Amino acid sequence: MSDKLELLTLVDTLKAAAESSRLRILFLLASGDLTVSDLTAILNQSQPRVSRHLKLLQEAGLVDRYQEGSWAFFRLAESDGARELILGLLARIADDDPLVERDIERLFGVRQKRQEKATRYFRSNASSWDEIRSLHVPDKAVEAALLDLVGTRPFQSMVDLGTGTGRLLELFAPLYRRAVGIDMSREMLAVARANLERAGITNAQVRQGDVYAPPVDRDAFDLVTVHQVLHYLDDPASVVKEAAKLLRPSGRLVIVDFAPHGHEFLREEHAHARLGFADRQIEDWLTEAGLELEDTLSFAPDNGNQGLTVKLWLGRDRRLLIADTAAQSARHPQASETV
């Protein structure tokens, strides 16, 4: 779908959206990706009916579908033209519309159930989380790569989103002056505090908070890490955007997670909402957040397709780089003209 539409195409697109249930679906997808089951529960409609609405929206280029294992997720179309059209329509819906208010309440309920499932998992495994994680991740190799990626130069501040046991706070302790670990689970925070105390680390703290709205200052951190967190989230792109807002100019965001895989048991038994992430997906999210992808590393498992490939992505805030380029162009106008 291009930014400009022919008249008849635009009419067909508007027809697809001009139905109350389909407009409600677009409104819900504007807040994040959802499955047919999610939408069925929120709209209180049959699955065939919801699937029919989604098919029409897809055919009109307003909605995209992507598969993860046996689950299909839906989201607003990626193209600028479609997104601009959709958001323009949705902006005209009254905030106090009864249908919209009820849909938002049910959406919150769907997400709350997912969050509770993940929280129960963390609580039941808090004391042995490092041991469980070692079954899926080659920790030593990944941690060595993280240290190489970040380098040895000391920096002022770090925040670790979804800190878990606080392992990354320990790993980078020799480099930062102050650090904060954020996690929703009190049990995990208790484990992290014990680990930091045992390691004698006094320049780091952990606090309870939501990774979608971290309780720390924006534009305040040189390094933000998101280690094995995104696959638990309904809306990982939003967390990437929030993480980017925490960075100082030229600050760095490091994401560690799995490459795409088909291990459904992780979703059913370990509360994984996403079965890995492709390089292009992460790069798009970084770009949308105003960051530039600087490096990507991959760690394939020893047991081939039976294991999980771990990925590292390094993004950097571009503001200082852009400012430096502009300053150089101002000092050397002739050079910039010939480039």
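Scoring rules and cut-offs
- Residues numbered from 1 in each chain as written.
- Predicted model: local features only at pLDDT ≥ 70, side-chain atom pairs only at ≥ 80, totals over all residues.
- Heavy atoms only, no water.
- Helix = DSSP H or I, 4+ residues; strand = E, 2+ residues; numbered from the N terminus.
- Buried < 20%, exposed > 50% of the residue type's maximum accessible area, 1.4 Å probe, protein only.
- Areas by Shrake-Rupley, 256 points an atom, 1.4 Å probe, with all protein chains shown as cover.
- pLDDT = per-residue confidence, 0-100.
- Contact = heavy atoms within 4.5 Å.
- Patch = residues over 30% accessible without salt bridge, like charges linked within 9 Å, V, L, I, M, F, W, Y side chains within 5 Å.
- Salt bridge = Lys/Arg side-chain N within 4 Å of Asp/Glu carboxyl O.
- Lys, Arg positive; Asp, Glu negative; His and termini not counted.
- Charge placed at Lys NZ, Arg CZ, Asp CG, Glu CD.
- Core = buried A, V, L, I, M, F, W, Y, C linked by side-chain atoms within 4.5 Å.
- Pairing = 2+ DSSP bridges.
- Right-handed = clockwise from strand over helix to strand, strands pointing away.

Asker: So what exactly am I meant to see when it comes to the overall build of the protein here?
Answerer: Along its length, the protein carries 15 helices and ten strands. For the protein, with 339 residues in total, the buried portion stands at 47%. On the protein, roughly 17300 Å² of surface is accessible, and the fraction owed to carbon and sulfur atoms is 50%.

Asker: Is there a simple way to explain the confidence of the model for the protein in this structure?
Answerer: Reading fine detail from the predicted coordinates is not recommended where pLDDT is low. Scored by pLDDT, the protein has a mean of 84; 83% of the residues are at 70 or more. Counting contacts from residues 331-339, a segment whose pLDDT is below 50, to residues more than four positions away or on other chains yields one contact.

Asker: I tried to follow a negative patch on the surface on my own but got confused; where do I start?
Answerer: There is a patch of like negative charges on the surface, built from D95, D96, E101 and E105. Tracing the backbone through its elements, the reader meets E105 in helix α6 (residues 98-125).

Asker: Before we go on, may I ask you to explain the pattern of salt bridges in this structure?
Answerer: For the coordinates displayed, the defined rule picks out 13 salt bridges. Between E143 and R167 there is a salt bridge; the shortest N-O distance is 2.9 Å. Of the two residues, E143 sits in helix α8 (residues 139-150) while R167 sits in helix α9 (residues 167-171), which places them 24 residues apart along the sequence. Taking the shortest distance from any N to any O, the salt bridge between D222 and R248 comes out at 2.9 Å. In this pair, D222 is assigned in strand β7 (residues 221-227) and R248 in strand β8 (residues 247-258), connecting sequence segments 26 residues apart. Among the charged side chains, a salt-bridge network with shared partners connects E143, R167 and E170.

Asker: I would appreciate a short explanation of the environment of V100 in the present structure.
Answerer: Looking at where V100 falls in the secondary structure, it is placed in helix α6. Given the relative accessible area of 8%, V100 is considered buried. Residues V100 and R24, spaced 76 residues apart in sequence, show a C-alpha to C-alpha distance of 7.2 Å. Beyond its immediate sequence surroundings of up to four residues, V100 is in contact with F27 and I93.

Asker: I would appreciate a short explanation of the environment of D160 in the present structure.
Answerer: Within the element layout of this structure, D160 appears in strand β4 (residues 155-161). Distance from D160 to V206, taken between C-alpha atoms, is 9.0 Å for residues 46 residues apart in sequence. Beyond its immediate chain neighbours, meaning those up to four positions away, D160 contacts L168, L169, V180, G181, I182, T225 and V226.

Asker: Please clarify how the nonpolar core should be interpreted in this entry.
Answerer: Nonpolar side chains tend to gather and get buried jointly when the protein is soluble and globular. Residues L146, M158, F172, Y176 and L312 are the most contacted members of the largest nonpolar core, which totals 31 residues. Element by element, the count of residues in this core is highest for α8, at five residues. Other than its neighbours up to four places away in sequence, L146 contacts L168, L171, F172, H227, V254, V256 and L312.

Asker: Would you mind going over the pairing of β7 with me for this structure?
Answerer: Both faces of the sheet carry side chains from a regular strand, because those side chains alternate between them. Buried residues dominate β7, accounting for six of its seven residues. Summarising the sheet, β4 and β7 pair through four bridges and their orientation is parallel. Opposite D160, over in β7, you have T225 as the bridge partner. The sheet contact formed by β7 and β8 spans six bridges and is parallel. The partner of H227 across the bridge, within β8, is V256. Once you follow β7 into helix α11 (residues 236-245) and on to β8, the crossover reads as right-handed.

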